[in-house]
Amino acid sequence: MTPEVALSEYEIERNKPMPSLNHSLIQSNLIMELAAYRQKYSIASELSLDLTDWPSVPDLSFLPKKSMDLKNDVTAVTEPPLGVIEIISPSQSLNDLVIKADKYFEHGVKSCWLVLPTLGNIYVFSTPDSYQIFRKNEVLTDSVLDINLPLDQVFK
């Protein structure tokens, strides 16, 4: 029998595991590398989504390009993003993330990236059953979002 582990306030509030140092650094590196796509997308970090019956907080979300409305902020977005990026945390399993990717697709997301820091890989899903694997020395290609991203700086 596995002992129950108490969830932290962070994990309860965000409905996701606590990120690690590598998780955080890779997320920051992705944000910097994706800056080249700021004319095409609004890229949001840790955005709360409320997609019908499923709340979620992806590590990064690709939204249609829009200007910020500083006077009317939103705490939870109800429209599905075009794409999401999830970085596996040490306490998560790959199966957990694949199930999460399936749920994103069920709720209208068109592209889902699963980042595996330990292997230096990113899985780019274009459907729940179709994905490509990109390694840390390759150029990631997401044909759905029309993104070509060299990964040499992401896992550095």
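Further up the page is the structure itself.
A brief report on the enclosed structure follows. Just so we're clear, the structure is a prediction, and the values are computed from it rather than from any experiment.

Rules used throughout
- Every chain's residues receive numbers from 1 upward, in the order its sequence appears when written.
- Given that this is a predicted model, residues contribute local features only at a pLDDT of at least 70 and side-chain atom pairs are listed and counted only at 80 or more, while totals for whole chains, interfaces and linings are drawn from all residues.
- Side-chain calculation: all heavy atoms of the structure are included, whereas hydrogens and water are not.
- A pair of strands counts as paired when DSSP detects no fewer than two bridges linking them.
- Helix and strand assignments follow DSSP, with helices taken as H or I runs no shorter than four residues and strands as E runs no shorter than two, numbered in order from the N terminus.
- Between the N-to-C directions of two axes lies an angle of 0 to 180 degrees, each axis being a line fitted to C-alpha atoms and, for a helix, fitted only over the stretch in contact.
- Working rule for contacts: check all heavy atoms of both residues, and any pair within 4.5 Å makes them a contact.
- Among buried residues, those of type Ala, Val, Leu, Ile, Met, Phe, Trp, Tyr and Cys that are joined through side-chain atoms within 4.5 Å constitute a nonpolar core.
- Partly exposed describes any residue whose relative accessible area lies between the buried limit of under 20% and the exposed limit of over 50%, with all areas from a 1.4 Å probe on protein chains only and scaled to the type maximum.

**Considering the sheet that holds strand β7 (residues 121-127)**
Strand pairs in the sheet, formed through backbone hydrogen bonds, run parallel or antiparallel to each other.
So, step 1. Spatial ordering of the open sheet is given by β1-β4-β5-β6-β7-β8, a layout of six strands whose pairing is mixed. Edge positions in the open sheet fall to β1 (41-45) and β8 (130-135), since each of these has one partner strand only. Sheet twist, expressed as the average angle between the axes of neighbouring strands with direction ignored, equals 20°.
So, step 2. Across the sheet, helix α2 (residues 21-33) touches β1, β4 (60-64), β5 (83-87), β6 (111-116) and β7, and the angle it forms with β5 is around 150°.
So, step 3. Contacts from helix α3 (residues 94-106) reach β5, β6 and β7, with the element oriented near 165° to β6.

**What about the nonpolar core?**
So, step 1. Membership of the largest hydrophobic core comes to 21 residues, with the highest contact counts inside it found for L30, L34, I85, W113, I122 and I147.
So, step 2. Sorting the residues of this core by element identifies α2, β4, β5, β6, β7 and β10 (147-150) as the ones contributing at least two each.
So, step 3. For L30, the residues in contact, after removing those within four places along its chain, are L60, I85, I87, W113, V115, I122, L149 and V154.
So, step 4. If you look at the next biggest cluster of nonpolar residues, it comprises 19 residues, including L51, W54, V84 and L116.

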